[in-house]
Structure formats: structure tokens, C-alpha cells
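# Chain and residue survey
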Amino acid sequence: MSEHEHQEMLDVAPGAPHDSILSETAAYVIGLGFALLLTAVSFWVASTSSIWGPGVAVGLIVLAIAQMGVHLVFFLHITSGPDNTNNVLALAFGVLIVFLVMVGTIWIMAHLAHNTGPTPEMMNLQMQKG
């Protein structure tokens, strides 16, 4: 590896396009390594009993967000550069739509459960037979 290629690998952000296939392959391998590491840690967190019970869910959420970040940067090439503005805006719009669908679904299901729950007369059917 020449000095120029080595310097290029150090100067380019992980998600930015590289000039040589070697440095781009190295970025993909690094991203794959991070993704595998985060997956292994997630399985360990889910299967171990050494972490406090409610902390497991929080840990898995944090690891999932980190996993999304690795995939966005290393594989989808989303960076903070000026030429990626449209990609970042599309990502933000997608996150907004997913958030609205999730909150809307939870709101509708809670409202439906509140309005269609069993009445007290339905709950006492066993007592009415006897």
C-alpha cells in the first residue's frame, strides 16, 4: 500500500466514496466487523443473567440504534457532507413517517380497547347462570 493510499484511507469519512477499491473494501470490512460485534453483544445481553432485568431492554435498544448507525454510515453511505443532504432529508422523512404510524397505531389500539372492553354485565355471566 502506498503512502498516498494510506493517507487517503485516513482522510475519508466511513460513508464517503473512496478513490480506490482497496480503501472502499476496507471500509466495508470495518462496517461488517462493527455490525457483527454489535450483533454478538446483543445476543449476549439477551441471554445473560448478569444484567439487571429492565436494563436488558434498554441495552438492546441502545445496541439497535448503534446497529442502525453502523448500517447507515458504512453501507448506505449517509454522511454529513453537502452532497448527502437529500439522503439525510429522505431518512428524516422516513423516520417521521415510521414514528407517526407507530404512535397512531398505539393510539388507535388504546382507544379501541377502551371503548370495546367487556361490560360489567358480560363479566358476571357465570353468576347469572347460577
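Right, let's walk through the structure included here.

Reading the values: rules and limits
- Residues numbered from 1 in each chain as written.
- Predicted model: local features only at pLDDT ≥ 70, side-chain atom pairs only at ≥ 80, totals over all residues.
- Heavy atoms only, no water.
- Helix = DSSP H or I, 4+ residues; strand = E, 2+ residues; numbered from the N terminus.
- Buried < 20%, exposed > 50% of the residue type's maximum accessible area, 1.4 Å probe, protein only.
- Contact = heavy atoms within 4.5 Å.
- Areas by Shrake-Rupley, 256 points an atom, 1.4 Å probe, with all protein chains shown as cover.
- Axes fitted to C-alpha atoms, helices over the stretch in contact; angles between N-to-C directions.
- Parallel < 35°, antiparallel > 145°, perpendicular 65-115°, else oblique.
- Nonpolar A, V, L, I, M, F, W, Y, C, P; charged D, E, K, R; others polar.
- Phe/Tyr/Trp six-rings, centres within 6.5 Å; stacked < 30°, edge-to-face > 60°.

### Some thoughts on the overall build of the protein
- Along its length, the protein carries six helices and zero strands.
- Along the protein, helices and strands appear, N-terminal first, in the series α-α-α-α-α-α.
- Taken over 130 residues, the protein has a buried fraction of 16%.
- Of the contacts formed within the protein by residues at least 6 apart in sequence, a portion of 43% connects residues at least 24 apart.
- Only carbon and sulfur atoms are counted for the fraction: they give 74% of the accessible area of the protein, which is about 10,000 Å².

### Observations concerning the side chain of Ser 42
- Residue placement: Ser 42 occurs in helix α2 (residues 21-47).
- Looking at Ser 42, the relative accessible area reads 19%, which means it is buried.
- Not counting the four nearest positions on each side in its chain, Ser 42 is found in contact with Leu 60 and Leu 63.

### Considerations on the packing of α2 against helix α3 (residues 53-75)
- Where α2 meets α3, the axes come as close as 10 Å, and the angle between the chain directions of the two elements is 170°. As judged from the angle between their axes, α2 and α3 are roughly antiparallel.
- Among the residues forming the contact of α2 with α3, the class breakdown is 17 nonpolar, five polar and no charged.

### Here's the deal with the side chain of Gln 67
- Looking at the element boundaries, Gln 67 is found in helix α3.
- Look past the residues within four positions of Gln 67 in its chain and what remains in contact with it is Ala 35, Leu 38 and Thr 39.

### Section: the packing of aromatic side chains
- Overall, the coordinates contain two aromatic pairs when judged by the stated rule.
- Both rings, one in Tyr 28 and one in Phe 75, keep their centres 6.1 Å apart while their planes meet at 15°; by these two values the pair is stacked. Highlighted residues: Tyr 28 in helix α2 and Phe 75 in helix α3, separated in sequence by 47 residues.
- With a relative accessible area of 33%, Tyr 28 lands in the partly exposed category.

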